[in-house]
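Spelled out from the first residue to the last, the chains are:
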Amino acid sequence: MARTTAPDAHNSLDARSPVDAHSPLDNLDTFEAVIAADGRIEPRDAMPDDYRRALVRQMSQHANSEIIGMQPEGNWITRAPSLARKAILMAKVQDEAGHGLYLYAAAETLGTSRAEMTEALLAGKARYSSIFNYPTPTWADIGAIGWLVDGAAICNQVPLCRASYGPYARAMVRICKEESFHQRQGFEILLTLSRGTDEQHEMAQQAVDRWYAPSLMMFGPPDADSPNSAKSMAWNIKRFSNDELRQRFIDMLVPQAKALGLTLPDPDLRWNAERGHHDHGDLDWDEFAAVLRGEGQCNAQRMAHRQAAFDEGAWVREAATAHAARAAQSRKSQEAATEESAA
Ligand code: FAQ
């Protein structure tokens with residue numbers, strides 16, 4: 001029997017799919033039927049091992065990216081140019097931590113623990129987004145990250161609110177709302193700089209020059225070199241290809257750059273009326289491959305920092321585990337006492 005999710009469930013993180021009221025799918029034929037009917041798969045449902053693996057790969061990489069992504073901006077919290085800018089940046093960086101946690105929690109419903117996912121990251125067996133291996137030498141880079149990196153993240157992630165795996169899709173709804181605020185704050189930083197002194201305008205332009213191409217690479221390799229896309233799209237995890245989303249993003253940026261009074265650093269960028277899209281130049285895919293091999297400007301620094309934070313947090317994890325064990329024990333004793341007095 002095919003089942004679909006009520007429209008509301010796409011709009012509320014807490015809304016439960018009506019399928020939760022039914023018994024879980026118990027075989028792979030029903031899984032295929034639900035996917036064919038564009039329905040939602042929930043944690044207790046039968047699902048192919050490859051589907052489970054594909055989700056854990058993508059969701060854990062996404063979670064890793066949110067956590068590592070705190071570093072380039074965290075670099076500017078102590079140096080933000082005003083108290084208001086500092087408060088906004090702190091809130092944004094905290095949001096990224098929250099996104100990482102929603103995503104690890106959603107991925108855990110597939111049977112892989114957060115500890116395993118973190119171990120895989122630290123051992124270099126799991127990825128995080130290429131974009132976070134670039135440095136943030138000026139305050140304008142914080143504006144460029146908000147406008148371009150969060151902008152690319154929104155473009156990529158809005159379709160993920162309709163991903164077939166319920167916990168991922170529901171987590172993405174809240175994440176996308178917060179990313180929209182992030183993009184606006186970045187745009188506003190760049191607008192202020194662009195309309196400021198000549199030096200400030202130039203600082204904004206240089207930051208855009210640095211972040212533009214790397215932000216386009218966030219969407220992944222060209223479709224012809226994207227080994228995971230076909231299956232992910234057949235399973236309704238990804239809804240659009242890497243190149244389709246990249247094109248959508250470029251089309252969105254052109255009028256925004258005009259409003260900012262800044263230039264996008266691509267001499268081949270021009271409107272193509274026949275296609276109804278902007279043509280654009282090639283990206284440096286050798287640079288992308290080098291970043292993925294760990295040879296980007298900041299790969300070593302990002303991983304060293306992540307490892308140090310993990311090591312320094314050991315006592316917090318131990319304390320939380322001990323507290324949870326004690327709370328479970330005391331719940332058990334209370335339940336036993338209640339049962340005894342009822343008997
Ligand atoms: N970086 O076959 P495909 C954010 C890998 S969150 C590194 O096309 P797929 C918020 C890919 O894993 C940013 N690796 O792969 C924020 C695969 O290798 P594998 C993160 C990349 O999965 C803002 C290989 O290349 N967002 O920014 C990248 O179908 C500001 C072949 O690629 C997400 O993770 C890359 N850019 O498509 C936070 C969104 N691209 O795993 C802080 C969810 C590709 O086989 C501050 N993820 N690779 O060894 C996705 O939508 C997809 O996973 C793609 C890649 C589109 C990233």
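What counts and how
Residues numbered from 1 in each chain as written. Predicted model: local features only at pLDDT ≥ 70, side-chain atom pairs only at ≥ 80, totals over all residues. Heavy atoms only, no water. Near = heavy atom within 4 Å. Polar contact = N/O pair within 3.5 Å; in protein donor to acceptor, adjacent residues only side chain to side chain. Helix = DSSP H or I, 4+ residues; strand = E, 2+ residues; numbered from the N terminus. Nonpolar A, V, L, I, M, F, W, Y, C, P; charged D, E, K, R; others polar. pLDDT = per-residue confidence, 0-100. Contact = heavy atoms within 4.5 Å. Buried < 20%, exposed > 50% of the residue type's maximum accessible area, 1.4 Å probe, protein only. Arc of directions from axis to C-beta. Core = buried A, V, L, I, M, F, W, Y, C linked by side-chain atoms within 4.5 Å. Lys, Arg positive; Asp, Glu negative; His and termini not counted. Salt bridge = Lys/Arg side-chain N within 4 Å of Asp/Glu carboxyl O. 1 Å grid on protein atoms, 1.4 Å probe; cavity = no way out; pocket = protein on both sides within 12 Å on 5 of 7 lines; lining within 4 Å. Points joined across faces, edges and corners; volume = space filled by probe spheres on them. Axes fitted to C-alpha atoms, helices over the stretch in contact; angles between N-to-C directions. Left-handed = near helix turned anticlockwise from the far one by under 90°.

Asker: So what about the site of the ligand? Which residues, and what values?
Answerer: In the vicinity of the ligand there are 36 residues, among which Arg57, Ser130, Ser226, Lys238 and Asn242 approach most closely. A distance of 3.3 Å is found between an oxygen atom of the ligand and a backbone nitrogen or oxygen belonging to Pro227. Elements that contribute at least two residues to the shell around the ligand include exactly helix H3 (49-68), helix H5 (83-108), helix H7 (139-157), helix H8 (166-194) and helix H12 (285-292). Ranked by residue count, the leading element in the shell around the ligand is H3, at 6 residues. Taken together, the residues of the shell around the ligand break down into 13 nonpolar, 14 polar and 9 charged.

Asker: Account for the confidence of the model for the chain, naming residues and giving values.
Answerer: Looking at the chain as a whole, its pLDDT mean stands at 93, while 94% of the residues score no less than 70. Below a pLDDT of 50 lies the segment residues 1-16, which in the model reaches 38 contacts outside its immediate sequence neighbourhood of four places, other chains included.

Asker: Before we move on, can you summarise helix H2 (residues 28-36) with the specific residues and values?
Answerer: Within the sequence span of H2, burial applies to Thr30, Phe31, Val34 and Ile35. Angularly, the buried residues of H2 cover 140° about the axis, an arc narrow enough to put them on a single face. Of the exposed residues in H2, the ones pointing more than 90 degrees away from its buried face are Asp29 and Ala36. Here the buried face of H2 lies against H3 and helix H10 (229-234). You can read the cap of H2 off the contacts: a side-chain oxygen lies 2.9 Å from the backbone nitrogen of Asp29, and it is on Asn27.

Asker: How would you explain the nonpolar core if you had to name every residue and give the values?
Answerer: Among the nonpolar cores identified, the biggest contains 44 residues, and Trp139, Trp147, Leu148, Trp211 and Phe249 are the most heavily contacted of them. Looking at this core element by element, the count peaks at 10 residues for H7. With residues near it in sequence (within four places) discarded, Trp147 still touches Gln183, Gly186, Phe187, Leu190, Val208, Leu253, Gln256, Ala257, Leu260 and Leu264. Membership of the second largest hydrophobic core comes to 31 residues, among which are Met59, Tyr165, Met172 and Cys176.

Asker: Explain the side chain of Asp251 residue by residue, including any values.
Answerer: Residue position: Asp251 is located in helix H11 (residues 242-260). An unpaired buried charge is present at Asp251: no salt bridge exists, and Arg275, the closest side chain of opposite charge, is 6.3 Å distant. A polar contact of 2.8 Å, which involves the side chain of Asp251, links it to the side chain of His278. Once residues lying within four places of it in the same chain are set aside, the contact partners of Asp251 are Gly276, His277 and His278.

Asker: Give me the layout of surface pockets: which residues, what numbers.
Answerer: Over the atoms a probe the size of a water molecule is rolled, and this reveals where empty space is left. Of the pockets and cavities examined, the largest pocket occupies roughly 1100 Å³. Lining the largest pocket are 42 residues, and of these Gln61, Ser129, Met218, Phe219 and Gly220 sit closest to its centre. Contributions of two or more residues to the lining of the largest pocket are made by H3, H5, H7, H8, H11 and H12. Classifying every residue of the lining of the largest pocket by side-chain character gives 18 nonpolar, 13 polar and 11 charged. In this model, the second largest pocket occupies a volume close to 590 Å³. If you go around the second largest pocket, you meet 21 residues; those closest to its centre are Ile67, Arg114, Arg306, Phe310 and Arg317.

Asker: Talk me through the pattern of salt bridges; I want residue IDs and the actual numbers.
Answerer: Taken as a whole, this structure holds 12 salt bridges when the rule is applied. With a shortest N-O distance of 2.9 Å, Glu96 and Lys92 are connected by a salt bridge. Residue Glu96 and its partner Lys92 are located together in helix H5, separated by 4 residues, close to a single helical turn. Note on accessibility: Glu96 and Lys92 belong to one class, buried.

Asker: Tell me about the packing of H7 against helix H9 (residues 198-217), residues and numbers included.
Answerer: Look at H7 against H9: their axes get within 8 Å of each other, and the N-to-C directions meet at 35°. As for the relative orientation of H7 and H9, their crossing is right-handed in sense. Of H9, the residues touching H7 (which contributes Trp139, Ala140, Asp141, Ala144, Ile145, Trp147, Leu148, Val149 and Ala152) are Met203, Ala204, Ala207, Val208, Arg210, Trp211, Tyr212 and Ser215. Its residues assigned to classes, the contact of H7 with H9 comprises 14 nonpolar, 1 polar and 2 charged.

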